[in-house]
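A structural walkthrough
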Amino acid sequence: MVPLMPVTSLGRRILMITLSSTDHDNRVRNTGKSLADAGYSVRTVSLGSAHRLGPDDLILPRSAGRLLGIPGLATGLVTLRLIRSLWRLRDVVDAYHCHDLPALVFGVLACRTFNRAASLVYDAHEFETEQRPPPHGLRHRLFCWLERNCLPWVDEMITVSPLIATAYAERYGIAVPTIVLNCPPFRPRRATDLLRSAHGIAPGARIFLYQGGMSPGRGIPESIAAFAEADPTHAVLVFMGYGLLAETVERAATLYPAVIWQPAVSPEVLPDYTASADVGIVLIEDTCLSHRYSLPNKLFECIMARIPVVGSPLPEISRVIRESGVGVIATEINAAGIAAAVREVVRLDPVPLADALDRAAEVYCWEQQARVLASLYERLTCAA
């Protein structure tokens, strides 16, 4: 039997829905914690998570089957169990917070059929219909149809960058969504030596770090090529994460002395690992609109760790780097362009760079985003 949320917090009971694991999703984790700290009763329904974010969370097993390649529309038992869970919770949920488009489908189902009094919040972590691979065919048309038909039921929409918010407003004729950036919680400047000690990196070598998903379109092969001939006593490139290209990186680490593989670490210790690097690599490629308009969490994680960034020449990423003075923008995402940016970033004056990183860390922290999130939910509470 599904345990119910407390009934004493009428108007402030939130059910977050995500059709993926929360284990490495800091946005979901930070959102739930901030809303709970603000006095809301929050629980999460997720698929395949190893651990609960709260004691009353529901974790459903992943389905091996997918419909049209969309995990959120997986058929079979998981879908039925999710719908049953939403139905059983119908009388004790005041707002559904849906992370990404597949979850929104189930949020709309709940609001339209058995909980019409509830509010609906759509948190688009990407430009949902314009993600890599390039949009085409039935899958893209289905995503567009779903989003267009779900949005009229949405009370508040959130997304992750100004350009994505503007694109949504222009495409669907809606109010500009609220922007909640993927920033980490604030932490004081605190360097560590985790990567250097774990991998025996030479004392004088600069550590360049790529962290996060090992997926195509993130400059991974190009970064490997840029460091293929590097002297590991002067500079190394550490890859830390998981994903489709993990085996490619592991093989490269056996071929090139300056390329190092570090398996993914938990979100709790990630900031300490990031802070043990000297420079962050954030090279999202212009493969789709979602990438072009993105502000990836790794950019803000590097800023919070107070390490400068070599970033993509994409509009949002380059704007943050340029306005904040926290790194160098690669002119091209190829071996030569990355190598040139690497040479440039190590020549930056360390004193003004450190000041710029400290200022940016106070701006691009989750505490600032939590205030925006709290204001959004106060609007919903007052309107209820």
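Computed from a predicted structure; not experimentally measured. (Residues numbered from 1 in each chain as written. Predicted model: local features only at pLDDT ≥ 70, side-chain atom pairs only at ≥ 80, totals over all residues. Heavy atoms only, no water.)

What to know about the overall build of the protein
Note the following rule: Counting from the N terminus, the helices are DSSP H or I runs at least four residues long and the strands are E runs at least two residues long. Only C-alpha atoms enter the radius of gyration; for comparison, a globular chain is expected to reach 2.2 Å times N to the power 0.38, where N is the number of residues. When checking whether two residues touch, look at their non-hydrogen atoms; a contact exists if any pair is within 4.5 Å. Here the positive residues are Lys and Arg and the negative ones are Asp and Glu; neither His nor the chain ends is included. By convention, the charge on Lys lies at NZ, on Arg at CZ, on Asp at CG and on Glu at CD.
Across its full length, the protein holds 15 helices and 13 strands. Taking 2.2 N^0.38 as the reference for a compact globule, 384 residues should give roughly 21 Å; the C-alpha atoms of the protein span a radius of gyration of 21 Å, in line with that estimate. For the protein, the spread of C-alpha atoms along the three principal axes comes to 65 × 40 × 40 Å. Intrachain contacts of the protein at a sequence separation of at least 6 include 69% that bridge at least 24 residues. Here the protein contributes 37 positive and 38 negative side-chain charges, whose respective centroids are spaced 6 Å apart.

Details of the pairing of strand β9 (residues 235–242)
For the record, the criterion: Think of it in three bands: with a 1.4 Å probe and only protein chains considered, a residue is buried below 20% of the maximum accessible area for its type, exposed above 50%, and partly exposed in between. If DSSP finds at least two bridges between two strands, the strands pair. Every crossover in which the path from the first strand over the helix to the second runs clockwise, viewed with the strands pointing away from the viewer, is termed right-handed.
Judged by how many residues are buried, β9 sits mostly within the fold: 7 of 8 residues are covered. Sheet analysis places strand β8 (residues 206–213) next to β9, joined by 8 bridges and oriented parallel. Across the sheet, the residue bridging to Gln-211 is Met-240, located in β9. The parallel pair β8 and β9 is bridged by helix α7 (residues 220–227), and the resulting crossover is right-handed. As paired elements, β9 and strand β10 (residues 259–263) share 5 bridges and run parallel to each other. Bridge pairing in β10 places Leu-237 opposite Val-259.

Points about the confidence of the model for the protein
Stated formally: Across the chain, each position has a pLDDT score giving the predictor's confidence in that residue, from 0 to 100.
Considering every residue of the protein, the mean pLDDT works out to 91; 92% of them sit at 70 or more. Taken together, the stretch residues 1–9 has pLDDT below 50 and engages in 24 contacts with residues farther than four places along the chain or on a different chain.

Topic: the pattern of salt bridges
What counts here: Note on definitions: salt bridges are taken to be side-chain nitrogens of Lys or Arg within 4 Å of carboxyl oxygens of Asp or Glu.
Inspection of every chain in the model, using the stated rule, returns 16 salt bridges. Between Glu-268 and Arg-29 there is a salt bridge whose closest N-O contact spans 2.4 Å. Of this pair, Glu-268 sits in the loop between β10 and α9 (270–274) while Arg-29 sits in helix α1 (residues 26–37); the two residues are 239 residues apart in sequence, bridging distant segments of the chain. For Arg-29, a relative accessible area of 21% translates into the label partly exposed.

Some words on the packing of helix α11 (residues 297–304) against helix α12 (residues 315–324)
Definition in use: In this description, a line fitted to the C-alpha atoms serves as the axis of each element, helices being fitted only across the stretch in contact, and the angle between N-to-C directions of two axes falls anywhere from 0 to 180 degrees. With respect to orientation, any angle under 35 degrees is reported as roughly parallel, any angle over 145 as roughly antiparallel, any angle of 65 to 115 as roughly perpendicular, and every other angle as oblique. Crossing handedness is read from the near helix: turned anticlockwise from the far helix by less than a right angle, it gives a left-handed crossing, and turned clockwise, a right-handed one. Any residue that is not Ala, Val, Leu, Ile, Met, Phe, Trp, Tyr, Cys, Pro, Asp, Glu, Lys or Arg is counted as polar, Gly included; the first ten are nonpolar and the last four charged.
Put simply, α11 and α12 touch, their axes get as near as 11 Å, and they point 15 degrees apart. On the basis of their axis angle, the class for α11 and α12 is roughly parallel. Considering only the axes of α11 and α12, their crossing is right-handed. Where α11 approaches α12, its residues Leu-299, Phe-300 and Ile-303 are matched on the opposing element by Ile-317, Val-320 and Ile-321. Tallied by class, the residues present in the contact of α11 with α12 amount to 6 nonpolar, no polar and no charged.

Quick look at the sheet that holds strand β13 (residues 327–329)
One open sheet accounts for 6 strands, arranged β10-β9-β8-β11-β12-β13; its pairing is parallel. Each having just a single partner strand, β10 and β13 make up the two edges of the open sheet. Pairs of neighbouring strands in the sheet enclose a mean axial angle of 25 degrees, with direction left out of account. By the bridge criterion, 2 bridges tie β8 to strand β11 (residues 279–282) in an arrangement that is parallel. Each bridged residue has a counterpart across the sheet, and for Phe-208 the counterpart in β11 is Val-279.

Side note on the packing of aromatic side chains
Two measures describe an aromatic ring pair: the distance that separates the ring centres and the angle between the ring planes. Operational definition: Between rings of Phe, Tyr and Trp, where Trp is taken as its six-membered ring, a pair exists when centres lie within 6.5 Å; planes separated by under 30 degrees are stacked, by over 60 edge-to-face, and by other angles tilted. Charge-over-ring contacts are defined here by two conditions on Lys NZ or Arg CZ: a distance within 6 Å of the ring centre and an angle within 35 degrees of the ring normal.
Applying the stated criterion to the full structure yields 7 aromatic pairs. Its end group placed over the ring of Trp-87, Arg-90 keeps NZ or CZ at 3.9 Å from the ring centre.

Topic: the environment of Arg-112
Here Arg-112 is to be found in helix α3 (residues 101–113). On a C-alpha basis, the gap between Arg-112 and Trp-153 in space is 8.2 Å, while along the polypeptide they are 41 residues apart.

Things to note about the packing of α3 against helix α4 (residues 137–150)
Taken N-terminus to C-terminus, the directions of α3 and α4 make an angle of 45 degrees; their axes are 10 Å apart at the nearest point. It follows from the interaxial angle that α3 and α4 lie oblique. In terms of crossing hand, the pair formed by α3 and α4 is left-handed. The residues of α4 that touch α3, namely those facing Leu-101, Leu-104, Val-105 and Val-108, are Phe-143, Leu-146, Glu-147 and Cys-150. Of the residues in the contact of α3 with α4, the class split is 7 nonpolar, no polar and 1 charged.

Remarks on the nonpolar core
Generally speaking, soluble globular proteins have nonpolar side chains that are buried together. Selection criterion: By nonpolar core we mean a set of buried residues, namely Ala, Val, Leu, Ile, Met, Phe, Trp, Tyr and Cys, connected to one another through side-chain atoms within 4.5 Å.
With 42 residues, the main nonpolar core has Tyr-96, Leu-104 and Tyr-122 as its most contacted residues. Sequence-distant contacts of Tyr-96, that is, excluding residues within four places in its chain, are made with Leu-15, Ile-17, Leu-86, Arg-90, Ala-110, Cys-111, Asn-115, Ala-118, Ser-119, Leu-120 and Val-121. Among the nonpolar cores identified, the runner-up in size contains 38 residues, and Leu-209, Leu-270, Leu-295 and Leu-357 belong to it.

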